[in-house]
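# Coordinate analysis (summary)
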Protein chains: 2
Amino acid sequence: MPGPRWRGNFKDRGHRMTGPRDAILDVLSKKQGHLTADDIFFEVRKLYSGIGIATVYRALDLFVRIGLVNKFDFGGGRSRYEFASKEEHHHHLVCKNCGRVIDYDSFLDEETELIKKIEAELSKKHYFKIDSHQLDFYGLCENCQKEVE
Amino acid sequence: MPGPRWRGNFKDRGHRMTGPRDAILDVLSKKQGHLTADDIFFEVRKLYSGIGIATVYRALDLFVRIGLVNKFDFGGGRSRYEFASKEEHHHHLVCKNCGRVIDYDSFLDEETELIKKIEAELSKKHYFKIDSHQLDFYGLCENCQKEVE
DNA sequence: TCCTTTATTGATAATGATTCTCATTATTAT
DNA sequence: ATAATAATGAGAATCATTATCAATAAAGGA
Ligand SMILES: [Mn+2]
Ligand SMILES: [Mn+2]
Ligand SMILES: [Zn+2]
Ligand SMILES: [Zn+2]
């Protein structure tokens, strides 16, 4: 009988809470960062050794669909996943050299305001129903600046 | 002797302007949109029938490195490319259902201002050297709203 | 123009991430 | 406990992108 912690999110839609899914959510909620499917796979095997990589992908896909997890594409060929529950919405700073990703939300007041305004304008102008956005800054992190110097 | 149109951008760095590269730039500068490597490959074969897909990838990589072309990851597993020369910087509206991507730059005044401010703040706070950013709004385009209704 | 140097190319194999298939197992509602 | 069926694991299959390597072509100088 897998942990009841996340049951609530599955009740309705006919999804079942299982051992593998619970273990994956456990990892996602504890490890912070922007994990690849493989990162998650290796961590989860400590909790649920028999799990297969396909199950990890299937579970992540489900979690993204129901809004429990955010999926990102920062370039580099691998998707990255982040636990969404309770977290504030935030934006990213991405190092083009080493791939490090930093979350930030310090400017969120002004940003949120402007972004709402843009959303309204774009929705009207292009008949788009906007439900999310992503703002990333790219550059070189502290370490990588030194290396390149 | 391949077209002299883009010669200027190659002079310095030891890169050679070749038939395949010229054909690829031709396609990129004429076809608008956010093309995949394969889109480009099929178009370029009309101009330069013997070209190989590896050459397309290599050329695109080079163009991105020297700033002639922008590369994007809107999700969906394939990178998308856009001719950068002369174009204004802009942001995107992406349909999560059909993948359509719309460029916009109407809000650029206010956006630019805020984004500069954020860049300055983030650079200082995180010791990051920021050189670009990407802002995408996700949702449903007009057509896809109808389908789902 | 001809030569030399070496960047570039095309074909193809290799890789890496993600998805699919399918027989087996586990979960849920009765 | 039983039936209905969602979920799983192993491995094959896909898909996009890279790496290899021998052959070719561009650039600059003689
Ligand atoms: Mn994040
Ligand atoms: Mn664009
Ligand atoms: Zn870095
Ligand atoms: Zn659409």
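Our next topic: the interface of chain B and chain A. Opposite the 39 residues of chain B that make contact, chain A presents 38 residues. A buried area of about 3600 Å², summed over both sides, lies between chain B and chain A, and 67% of it is on carbon and sulfur atoms. Summed over the three residues of chain B that lose the most area to chain A, namely F107(B), F128(B) and F137(B), the buried surface amounts to 18% of that side. At the junction of chain B with chain A, the criterion picks out four salt bridges. K96(B) is the salt-bridge partner of D131(A), the closest N and O atoms lying 3.1 Å from each other. Where chain B packs against chain A, one counts 16 residue pairs in polar contact (both at pLDDT 80 or more). In terms of residue count, the dominant contributor to the side of chain B that touches chain A is strand β5 (residues 129-140) of chain B (12 residues). Of the residues that constitute the side of chain B that touches chain A, the class distribution is 18 nonpolar, nine polar and 12 charged. Pairing of strand β6 (residues 129-140) of chain A with β5(B), which is carried by 11 bridges, proceeds in the antiparallel orientation. Within the sheet, the bridge partner assigned to Q134(A) lies in β5(B) and is D136(B).

This brings us to the coordination of the zinc ion (ligand 4). Residues and elements named next belong to chain B. Distances from the zinc ion (ligand 4) to its protein donors, C95 (SG), C98 (SG), C141 (SG) and C144 (SG), fall at 2.2 to 2.4 Å. Written as a sequence motif, the donor arrangement for the zinc ion (ligand 4) is C-x2-C-x42-C-x2-C. Separated by 49 residues along the polypeptide, C95 in strand β3 (residues 91-95) and C144 in helix α5 (residues 142-148) bring together distant segments of the chain. In this pair, the class of C95 matches that of C144, namely buried.

Our next topic: the layout of surface pockets. Within this model, the largest pocket holds a volume of roughly 1400 Å³. Breaking the lining of the largest pocket down by element, the ones donating at least two residues are β4 (91-95) and β6 of chain A together with α3 (53-65), β1 (69-72), β2 (80-83), β3 and β5 of chain B. For the lining of the largest pocket, the element with the most residues is β5(B), which contributes six residues. Grouping the constituent residues of the lining of the largest pocket by class yields 13 nonpolar, 18 polar and 15 charged. Estimates place the volume of the second largest pocket at around 1100 Å³. Per-element tally for the lining of the second largest pocket: the top contributor is helix α4 (residues 108-126) of chain A, with six residues. Class assignment for the residues of the lining of the second largest pocket results in 13 nonpolar, 15 polar and 13 charged.

Surrounding DNA strand C, one finds 22 residues, the nearest of these being Y57(A), T18(B), R21(B), T55(B) and R58(B). Taken together, the sugar and phosphate atoms account for 71% of what DNA strand C places within 4 Å of the protein. At a separation of 3.5 Å, a phosphate oxygen of DNA strand C approaches a polar backbone atom of M17(A). Note that a phosphate oxygen of DNA strand C is positioned 3.3 Å from one of the backbone N or O atoms of G52(B). Element by element, the count of residues in the surface near DNA strand C is highest for helix α3 (residues 53-65) of chain A, at three residues. Looking at the surface near DNA strand C, its residues break down into seven nonpolar, eight polar and seven charged.

What counts, and at which threshold
- Residues numbered from 1 in each chain as written.
- Chains lettered and ligands numbered in written order.
- Predicted model: local features only at pLDDT ≥ 70, side-chain atom pairs only at ≥ 80, totals over all residues.
- Heavy atoms only, no water.
- Contact = heavy atoms within 4.5 Å.
- Buried area = accessible area lost by both parts, 1.4 Å probe.
- Salt bridge = Lys/Arg side-chain N within 4 Å of Asp/Glu carboxyl O.
- Polar contact = N/O pair within 3.5 Å; in protein donor to acceptor, adjacent residues only side chain to side chain.
- Helix = DSSP H or I, 4+ residues; strand = E, 2+ residues; numbered from the N terminus.
- Nonpolar A, V, L, I, M, F, W, Y, C, P; charged D, E, K, R; others polar.
- Pairing = 2+ DSSP bridges.
- Donors = N, O, S within 2.8 Å, 3.2 Å for Na, K, Ca; no water.
- Buried < 20%, exposed > 50% of the residue type's maximum accessible area, 1.4 Å probe, protein only.
- 1 Å grid on protein atoms, 1.4 Å probe; cavity = no way out; pocket = protein on both sides within 12 Å on 5 of 7 lines; lining within 4 Å.
- Points joined across faces, edges and corners; volume = space filled by probe spheres on them.
- Near = heavy atom within 4 Å.

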